[in-house]
Amino acid sequence: MPIRMVQMARMIQPIQLVRLSVAWCVIAVAGPAAWAQSHTAAVRPDASFANASVEGRVDALLDRMTLDEKVGQLVLYSNGAPTGPGTGRTDYHDMVRRGEIGGLFNLTTAKEINEFQRLAVKESRLHIPILFGLDVIHGFRTTFPVPLGLASTWNPTLVEEAARVAGHESAAAGVRWTFSPMVDIARDARWGRMIEGAGEDPYLGEQMARAYVRGYQGKDLAAPGSIAACVKHFVGYGAAEGGRDYNTTEISEHTLRQFYLPPFKAAVDEGAASLMSAFSSLNAVPTSANSFTLNQVLRKEWKFRGLVTSDWTSIAELMAHGIANDGATAARRALTAGVEMDMESNLYHLHLAQMVKGGQVPVAVVDEAVRRVLRVKFALGLFDHPLVEEDKEASAMLLPASRELARKAAEESFVLLKNDAVPGYAQLLPLSSPLGKIALIGPLADDAGNMLGSWAGQGRAEDAITLRTALTKQLGADRVLYASGGSIIASSDAEIASAVAAANLADVVVLAVGEDAGSMTAEAGSRAHLDLPGRQEQLLEAVAATGKPVVMVLFSGRPLTLPWAFAHVPAVLEAWFPGLEAGPALVQTLFGEVQPSGRLVVSWPRSVGQEPLYYNALNTGRPALNADLTHPPTDGLEKYLSRYIDEPNSPQFPFGFGLTYSAIQYGDPHLSDSRLSAGKLKTLLSENATSSKSAATATVSAEITNTGAKPADEVVQLYVRLEGTSTAQPVRALKGFQKIHLAPGETRRVSFDLGADTFALWDDQNHYTVEPARVTLWIAPDSAHGNSTRLMLEP
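Values in this document were obtained by computation on a predicted structure and should not be read as measured data. (Residues numbered from 1 in each chain as written. Predicted model: local features only at pLDDT ≥ 70, side-chain atom pairs only at ≥ 80, totals over all residues. Heavy atoms only, no water.)

Engineer: Could you clarify how one ought to interpret the overall build of the chain in this entry?
Structural biologist: Looking only at helices and strands, the chain has 27 helices and 27 strands in total. Since a compact globule built from 795 residues should have a radius of gyration of about 28 Å, the 26 Å found for the chain is in line with a globular shape. Projected onto the principal axes, the alpha-carbon positions of the chain cover approximately 80 × 65 × 45 Å. Looking at the 795 residues of the chain, the share that counts as buried comes to 62%. (Helix = DSSP H or I, 4+ residues; strand = E, 2+ residues; numbered from the N terminus. Rg over C-alpha atoms; globule rule 2.2 N^0.38 Å. Buried < 20%, exposed > 50% of the residue type's maximum accessible area, 1.4 Å probe, protein only.)

Encoded structure:
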């Protein structure tokens, strides 16, 4: 069926578009010659899916398999609720009996999963279990903040704990494979899938990627509650031109290695069992047939031995891309490039056996692909414990401790963007006594479904607590004046007038506005305009015109361009889509029982014309560093710079930004050593090639003081700039962060270790190394501020 229909189906039912392809993504099978050598490379000793015991069982089983049974292991289908056109097949039960299906996804209960698994392990010839997957993106039944919100906590430990809860719940339902985490670098807020990742920075992306993998997989994939991670979308998907989903990407090898690949590499080093190839093309080669990324980088360089799956029908889409004129060619190109599992295209099932028999595909390529799928199944313990205990499923869901963790995650995800003084208040937030009535206005004030966000797994709206429910519980119904002001996309004059009337009767207004998570964010949710949808801007301005203090709570899956709001609304809190504990977390934060500690993981644009916008850009030959960009250029000195003539270059809010309810002061950074040997660091770098951080060779520290009257949680950030190197380096690059708690008046010295990885770069020959350089270091509250110091990397 037409690709457009697939896209429409995804928009209609995003929660159920579970793409099993994500989970087994890293099976990458290269071309016949390079293939064999690349698959015998050494692997991380702690990779539980590649130990000697597993390998022996895989080889023994592979020797007994027919060609049709081998091909069957490479086939991944969706079953269950409609998820859009795919194979059109309805004979899955018979195929399972014949050993012709390796994985199924979109099954969500232990009972229905066991039904298929019993057929596989009791009625198929070789009794090979099925791998069951699902899009468990930010929780299974317990719904956490969307991933962009989780990343905004700058708390990898919390993210790991959230992933662990998701894994336990998923495993209890029989789902042992999640198509998560998405670690795409996203520099363009127009791209809807920004909501699914950790933002624009590779270092922060690395930390979050590792946290998700640890959380999902635990220390042993076979242990109860462990599920296989599938890291997506490999690679460069987030750089889609124009921010338009599925679109072309052009990324130089240098930029690919320095910015886009690091989070994937971190996930692989952490032991991720699978990866998923992307929909998009990369430098004119679709990523689901890209031997450079799947074979050269993933297998040969990174020694990955897990599984790679396609995304939904992305192998069939090779024909639309124009590199295959028929399904057989598409299947051959994908398999030989390194995609082990075919999600929903049905092309491996239809063509691979015949192509092996005809000599177009070596049987060794098929064997290696099957070996990678079986490797993960054995590591998960599916051969030993294929069935799930149905009577224990319900008791694993929505545990009190899980809800408490979801609330904590929501609280830490909120980013306070603005908090100005208003008459009677030094700062509008936190709200404090004496307060009379609060007008709660806006289409998202009482929308439980939207609190769950996009790709909410098995989350249910009835599980979510809205801001209205929580605020009413806190203050009593007589003190909360509620008016929706219309819907997200439409409002009548009467609805806006009713909201204004409520505001006039109140002391303070809390205005809950933003996007619709289901139709405006995530996959196929690209937007050319990033303002408030519908008539919400008119609602905002009409309510503000009452003169009452307004707190704007913004729900979105990306930054929104709101110049009027940021100029006129005294307090703005970005809440993303906070999950099922949205209401309690917001009330705790608005009233100061919890301090806001979230920080932006994406640069916030002033206008769409600035996109793509990111802090870690390269300098230009004509930087506008000291020019006044608040007005159009008046002469050649102001004009002939890298600038806009109608908008400042700077973002509305920089990467790393977020306010507290207190005041934080940063002291000057202090270095333990101002001169280091680049040669020594280069040697240390090569000796620690697979570790997340090399040994410290120096430290930099600064005193951080809470000069305010309230406690604060501060995210202290370390940035570095290298100059004099063979390739131009970013004006700043994040290299470390620490989240600390400061009591009023407290001072703490925060130190960062400087290892070889702090100064490493990709040189002009695309080698990862350390070069002599002049280094500037900042210990700062965000990417645009902070005091600096310098050291020299000497030859």
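What follows picks up the thread again.
Engineer: What am I meant to see in unusual backbone geometry here?
Structural biologist: Among all residues save glycine, negative phi is the norm, and among peptide bonds the norm is trans. With an omega dihedral of 10°, the bond running from serine 180 to proline 181 counts as a cis peptide bond. Among the structural elements, proline 181 can be located in the loop between strand 4 (177-178) and helix 9 (202-217). Cis geometry marks the peptide bond from lysine 232 to histidine 233, where omega comes out at -5°. Topologically, histidine 233 is positioned in strand 5 (residues 228-234).

Engineer: Teacher, can you tell me more about the environment of valine 601 here?
Structural biologist: Structurally, valine 601 can be placed in the loop between helix 24 (582-590) and helix 25 (636-639). Residues within four places of valine 601 in sequence aside, it is in contact with Leu148, Ala151, Ser152, Trp154, Ala198, Gly199, Glu200, Leu204 and Phe655. (Contact = heavy atoms within 4.5 Å.)

Engineer: Explain the packing of helix 19 (residues 467-475) against helix 24 here, please?
Structural biologist: Angle between the axes and distance between the axes are the two parameters that describe a pair of packed helices. Remark: helix 19 packs on helix 24, axes separated minimally by 7 Å, with the N-to-C direction vectors making an angle of 55°. As judged from the angle between their axes, helix 19 and helix 24 are oblique. In this structure, helix 19 crosses over helix 24, and the sense of that crossing is right-handed. Contacts between helix 19 and helix 24 involve Leu467, Ala470, Leu471 and Gln474 on the former and, on the latter, Gly583, Pro584, Leu586, Val587 and Leu590. Residues of the contact of helix 19 with helix 24, tallied by class, amount to seven nonpolar, two polar and no charged. (Axes fitted to C-alpha atoms, helices over the stretch in contact; angles between N-to-C directions. Parallel < 35°, antiparallel > 145°, perpendicular 65-115°, else oblique. Left-handed = near helix turned anticlockwise from the far one by under 90°. Nonpolar A, V, L, I, M, F, W, Y, C, P; charged D, E, K, R; others polar.)

Engineer: Quick question: what am I supposed to make of the side chain of asparagine 79 here?
Structural biologist: Positionally, asparagine 79 belongs in the loop between strand 1 (75-78) and helix 5 (92-97). With a relative accessible area of 19%, asparagine 79 lands in the buried category. Excluding its chain neighbours within four sequence positions, the residues that come into contact with asparagine 79 are Tyr92, Leu104, Phe105, Asn106, Leu107 and Phe116.

Engineer: Where do I start with empty space enclosed by the protein in this structure?
Structural biologist: On inspection of all chains with the given rule, the structure shows five cavities of 30 Å³ or more. Size it by volume and the largest cavity reaches roughly 80 Å³. Where the lining of the largest cavity is concerned, the elements lending two or more residues are helix 7 (147-151) and helix 9. Top element by residues in the lining of the largest cavity is helix 9. It accounts for four residues. (1 Å grid on protein atoms, 1.4 Å probe; cavity = no way out; pocket = protein on both sides within 12 Å on 5 of 7 lines; lining within 4 Å. Points joined across faces, edges and corners; volume = space filled by probe spheres on them.)

Engineer: Before we go on, may I ask you to explain the packing of helix 10 (residues 253-260) against helix 11 (residues 262-269) in this structure?
Structural biologist: Packing of helix 10 against helix 11 brings their axes to within 6 Å, and their N-to-C directions diverge by 55°. The orientation of helix 10 with respect to helix 11, classified from their angle, is oblique. Contact residues: Leu256, Arg257, Gln258, Phe259 and Tyr260 in helix 10; Pro262, Pro263 and Phe264 in helix 11. Tallied by class, the residues present in the contact of helix 10 with helix 11 amount to six nonpolar, one polar and one charged.

Engineer: Sorry if this is basic, but what is going on with the sheet that holds strand 12 (residues 438-441) here?
Structural biologist: Picture the strands of a sheet paired through backbone hydrogen bonds; they go either parallel or antiparallel. As summarised here, the arrangement of the six strands in space is 11-16-15-14-12-13, forming an open sheet in which the pairing is mixed. Strands at the two margins of the open sheet, each flanked by one partner only, are strand 11 (415-419) and strand 13 (480-483). When strand polarity is set aside, the average angle formed by the axes of neighbouring strands in this sheet is 15°. In the sheet, strand 11 pairs with strand 16 (residues 571-574) via four bridges, with the strands oriented antiparallel. The residue bridging valine 415 from the neighbouring strand is glutamate 574, located in strand 16. On top of the sheet, helix 19 reaches strand 12, strand 13 and strand 14 (508-514); it is set at about 170° to strand 12, its chief contact. (Pairing = 2+ DSSP bridges.)

Engineer: For this particular structure, what's the right way to read the environment of valine 569?
Structural biologist: Mapped onto the elements of the fold, valine 569 is located in the loop between helix 23 (563-568) and strand 16. Distance from valine 569 to alanine 544, taken between C-alpha atoms, is 7.4 Å for residues 25 residues apart in sequence. Sequence-distant contacts of valine 569, defined by excluding residues within four places in its chain, comprise Lys418, Leu540, Val550, Met552 and Trp564.

Engineer: Before we go on, may I ask you to explain the pattern of salt bridges in this structure?
Structural biologist: For side chains bearing opposite charge, pairing can occur when the charged atoms are close. Taken as a whole and assessed by the stated rule, the structure comprises 41 salt bridges. A salt bridge links glutamate 301 to arginine 257; its shortest N-O distance comes to 3.0 Å. Here glutamate 301, found in helix 12 (residues 291-301), pairs with arginine 257, found in helix 10; they are 44 residues apart in sequence, far enough to count as distant. The class for glutamate 301 is partly exposed, based on a relative accessible area of 31%. With relative accessibility at 7%, the residue arginine 257 sits in the buried group. Arginine 535 is paired through a salt bridge with aspartate 493; the nearest N and O atoms lie 2.9 Å apart. With a gap of 42 residues between them, arginine 535 in the loop between helix 21 (517-520) and helix 22 (536-544) and aspartate 493 in helix 20 (residues 493-504) connect regions that are remote in the sequence. Judged by its relative accessible area of 22%, arginine 535 is partly exposed. Residue aspartate 493 is classed as exposed on the basis of its relative accessible area, which comes to 55%. (Salt bridge = Lys/Arg side-chain N within 4 Å of Asp/Glu carboxyl O.)

Limitation: the analysis is restricted to geometry and does not speak to function.
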